[in-house]
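Listed here are the chains, written in short residue letters.
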Amino acid sequence: MAEHNRHRLSRRSALGIAGALATVGAVGSAALTLSGHDTADAAQSRRLTHPGMLHNAGDLNRAKVRVAAGQDPWLKGWNRLTSNAHAQSGWTPRPRATVVRGGTGENYTMLYNDIHAAYQNALRWRIDGTTANGDTAVAILNAWASQLKAVEGNADRFLAAGIYGWQFANAAELVRDHADFDLDAFKKMMLDVFYPMNDDFLTHHNDAYITNYWANWDLCNVGSLMAIGILCDDRAKFRRAVQYMKTGAGNGSLPHAVPFLYEDVDGYALGQWQESGRDQGHTLMGMGQMGAICEMAWNQKVDLYGWDDNRFMKAAQYVAKYNLGQDVPFTTYTWGTGQRGSMMSQTVISEAGRGGVRPVWDLLHYHYARRRRLDVPYITAMAEKTRPEGGGGDYGPNSGGYDQLGFGTLAYAK
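Conventions adopted
Residues numbered from 1 in each chain as written. Predicted model: local features only at pLDDT ≥ 70, side-chain atom pairs only at ≥ 80, totals over all residues. Heavy atoms only, no water. Core = buried A, V, L, I, M, F, W, Y, C linked by side-chain atoms within 4.5 Å. Buried < 20%, exposed > 50% of the residue type's maximum accessible area, 1.4 Å probe, protein only. Helix = DSSP H or I, 4+ residues; strand = E, 2+ residues; numbered from the N terminus. Contact = heavy atoms within 4.5 Å. Axes fitted to C-alpha atoms, helices over the stretch in contact; angles between N-to-C directions. Parallel < 35°, antiparallel > 145°, perpendicular 65-115°, else oblique. Left-handed = near helix turned anticlockwise from the far one by under 90°. Nonpolar A, V, L, I, M, F, W, Y, C, P; charged D, E, K, R; others polar. Polar contact = N/O pair within 3.5 Å; in protein donor to acceptor, adjacent residues only side chain to side chain. Salt bridge = Lys/Arg side-chain N within 4 Å of Asp/Glu carboxyl O. Expected span 1.5 Å × (residues − 1). Phe/Tyr/Trp six-rings, centres within 6.5 Å; stacked < 30°, edge-to-face > 60°. Lys NZ or Arg CZ within 6 Å of the ring centre and 35° of its normal.

Student: Help me understand the nonpolar core, please; the structure alone is not making it clear to me.
Tutor: Across soluble globular proteins, you tend to see nonpolar side chains buried next to one another. Residues Phe-194, Trp-273, Phe-312 and Trp-361 are the most contacted members of the largest nonpolar core, which totals 126 residues. Among the elements that make up this core, the one with the highest residue count is helix α7 (residues 157-174) (12 residues). Setting aside chain neighbours within four positions, we find Phe-312 in contact with Leu-254, Trp-273, Met-287, Met-290, Gly-291, Cys-294, Tyr-305, Leu-364 and Tyr-368.

If you want it as structure tokens, here you go:
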């Protein structure tokens with residue numbers, strides 16, 4: 001591993017780790033990693049933490065204090081949130097019994113717009129305490145919990161079950177202690193509608209050859225499985241999601257999502273992303289989907305960010321460097337498609353969508369560069385280029401603009 005990517009621990013961090021290790025020795029608990037997080041086995045045996053998905057209590061409190069003090073970049077992130085049409089307390093939900101993505105009768109735009117409205121109003125409530133925003137978020141979530149019975153369509157139904165599953169759960173996690181939120185009804189909807197589809201896709205992959213579906217299909221369903229596990233205090237579901245990221249057979253697991261590793265001329269470790277030969281829009285989506293999974297796991301004291309010698313970090317550096325306009329290596333990528341695995345290959349990285357903007361970089365920058373004190377110049381440069389990050393509704397009207405919940409500047413600045 002290049003010297004640039006080794007952990008650089010401050011004296012304060014080192015003392016904190018030493019104290020944690022001493023405590024562990026005294027009480028006989030599980031060992032800690034250098035990140036200060038439990039080993040996966042130890043963390044997964046503990047009670048799940050709330051709030052504990054994309055946001056933890058400390059990050060929410062930091063944003064609240066810094067926004068109130070008028071400090072940037074939090075204030076700029078806050079202004080991006082409050083100016084979004086989805087973040088307004090006058091939003092009216094449009095729940096449906098059946099949501100369709102793919103094929104005839106598509107209506108899924110109503111679902112993702114309502115999810116982002118619920119999330120953005122919930123975030124405003126948590127940071128500014130505005131009653132109207134909290135009430136609106138709860139009204140949206142309760143309305144869908146009382147009506148939604150099925151997600152249907154062609155194969156894209158599994159994308160809907162994955163993407164909107166983890167996003168829905170994250171909105172609910174923010175208001176789980178709101179007096180008017182029907183948490184039990186919402187959990188039932190997630191377990192009856194979303195979880196069976198997530199489970200089916202990760203188990204059977206729509207009866208296709210295992211490499212047929214791109215990394216994002218796995219990732220969104222793993223994200224939903226993990227988020228539902230946290231929301232419902234179901235450690236078995238959470239454990240399964242973590243294990244899939246390490247050893248899953250599909251393209252979303254870390255070894256398959258980052259199949260080739262390199263070191264560039266400046267000594268920085270890079271990792272080729274599985275969809276890099278496809279296009280950069282889906283590649284950036286992958287940064288957001290895997291970033292969300294890693295953050296949810298982190299807030300439950302499991303370090304997927306750093307798993308396998310920071311494998312995801314290397315991929316994010318690779319994607320950032322290429323989308324900054326610089327050259328990166330590329331190894332021919334070959335995979336099997338369809339039900340029988342007819343072989344196809346990509347011989348060059350795709351320029352389609354190169355340099356696009358999605359709200360995925362501040363989450364990664366503030367984790368690797370600030371929490372972990374690692375030198376990640378390409379990730380940092382992309383974060384600086386796209387800051388302050390917005391959310392759904394700020395990146396175009398199509399579904400791709402709603403693949404991430406966003407607002408990383410507000411949520412993660414440190």
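Student: Looking at this structure, I do not really get the packing of helix α12 (residues 280-298) against helix α14 (residues 361-371). What am I missing?
Tutor: To describe two helices that pack against each other, one gives the angle between their axes and the distance between the axes. Close contact between α12 and α14 brings their axes to 9 Å; oriented N to C, the two are set at 50 degrees. With respect to each other, α12 and α14 are oriented oblique. The two elements α12 and α14 meet at a crossing, and its hand is left-handed. Contacts from Leu-284, Met-287, Gly-291, Ala-292, Glu-295 and Trp-298 in α12 reach Trp-361, Leu-363, Leu-364, His-367 and Arg-371 in α14. Here the contact of α12 with α14 is built from residues that sort into 7 nonpolar, 2 polar and 2 charged.

Student: Teacher, can you tell me more about the side chain of Asn-121 here?
Tutor: Of note, Asn-121 is situated in helix α5 (residues 108-128). The buried category is assigned to Asn-121, whose relative accessible area is 0%. Of the polar contacts made by the side chain of Asn-121, one reaches the backbone oxygen of Ala-117; its length is 2.9 Å. Setting aside anything within four residues of it in sequence, one finds Asn-121 in contact with His-86, Ala-87, Gln-88, Ser-89, Asn-133, Gly-134, Thr-136 and Ala-137.

Student: What is the right way to read the pattern of salt bridges from this model?
Tutor: Proximity of charged atoms lets side chains of opposite charge pair with each other. Under the definition given, this model contains 17 salt bridges. Lys-321 is the salt-bridge partner of Asp-264, the closest N and O atoms lying 3.0 Å from each other. Of the two residues, Asp-264 sits in the loop between β3 (260-263) and β4 (269-272) while Lys-321 sits in helix α13 (residues 307-323), which places them 57 residues apart along the sequence. Lys-321 shares its class with Asp-264; the two are buried. In this structure, Arg-387 engages Asp-362 in a salt bridge whose closest nitrogen and oxygen atoms are separated by 2.7 Å. Of this pair, Arg-387 sits in the loop between α15 (377-386) and α16 (408-412) while Asp-362 sits in helix α14, and the two are 25 residues apart along the sequence.

Student: What should I look at first to understand the packing of α13 against α15 in this one?
Tutor: At a minimum axis separation of 7 Å, α13 and α15 run at an interaxial angle of 55 degrees. Compared by their axis directions, α13 and α15 come out oblique. Crossing of α13 against α15: the hand is left-handed. Contacts from Met-313, Ala-316, Gln-317, Ala-320, Lys-321 and Asn-323 of α13 reach α15 at Pro-377, Tyr-378, Ile-379, Met-382 and Lys-385. Taken together, the residues of the contact of α13 with α15 sort by class into 7 nonpolar, 2 polar and 2 charged.

Student: I would appreciate a short explanation of the environment of Asp-264 in the present structure.
Tutor: In this structure Asp-264 comes out as buried when scored by relative accessible area, which is 10%. Considering only alpha carbons, one finds Asp-264 and Tyr-318, 54 residues apart in sequence, at a separation of 9.4 Å. In contact with Asp-264, not counting residues within four places along its chain, are Leu-270, Lys-321 and Tyr-378. Separated by 2.8 Å, the side chain of Asp-264 and the backbone nitrogen of Tyr-268 make a polar contact.

Student: Explain α13 here, please?
Tutor: Each turn of an α-helix holds 3.6 residues, which means side chains three or four residues apart point in the same direction. Helix length check: α13, at 17 residues, gives a terminal C-alpha distance of 24 Å against a target of 24 Å (1.5 Å per residue), a fit within 8%. Of all 17 residues that make up α13, 14 are buried, and the element is covered over most of its length. Of the residues trailing α13, Gly-325 is marked for its positive phi of about 100 degrees.

Student: Can you walk me through the packing of aromatic side chains in this structure?
Tutor: Any two aromatic rings considered together are summarised by their centre-to-centre distance and by the angle between their planes. Counted according to the given criterion, the structure contains 19 aromatic pairs. The interplanar angle of 35 degrees and the centroid separation of 4.6 Å between the aromatic rings of Tyr-112 and Tyr-402 together place this pair among those described as tilted. Residue Tyr-112 is located in helix α5, and its partner Tyr-402 is located in the loop between α15 and α16; the two are separated by 290 residues in the primary sequence. Judged by its relative accessible area of 4%, Tyr-402 is buried. For the pair Tyr-262 and Tyr-318, a centre-to-centre distance of 6.3 Å together with 15 degrees between the ring planes defines the contact as stacked. Within this pair, whereas Tyr-262 is found in strand β3, its partner Tyr-318 is found in helix α13, the two being separated by 56 residues in sequence. The class of Tyr-262 is buried, set by a relative accessible area of 18%. Tyr-318 sits in the buried class, given a relative accessible area of 1%. Here a set of aromatic residues connected by ring pairs shows up, and it is made of Trp-144, Phe-168, Phe-181, Phe-186 and Phe-194. Against the face of Trp-74 rests Arg-66, its NZ or CZ located 4.7 Å from the ring centre. Above the face of the Tyr-322 ring, Arg-354 is positioned so that its terminal group lies 3.7 Å from the ring centre.

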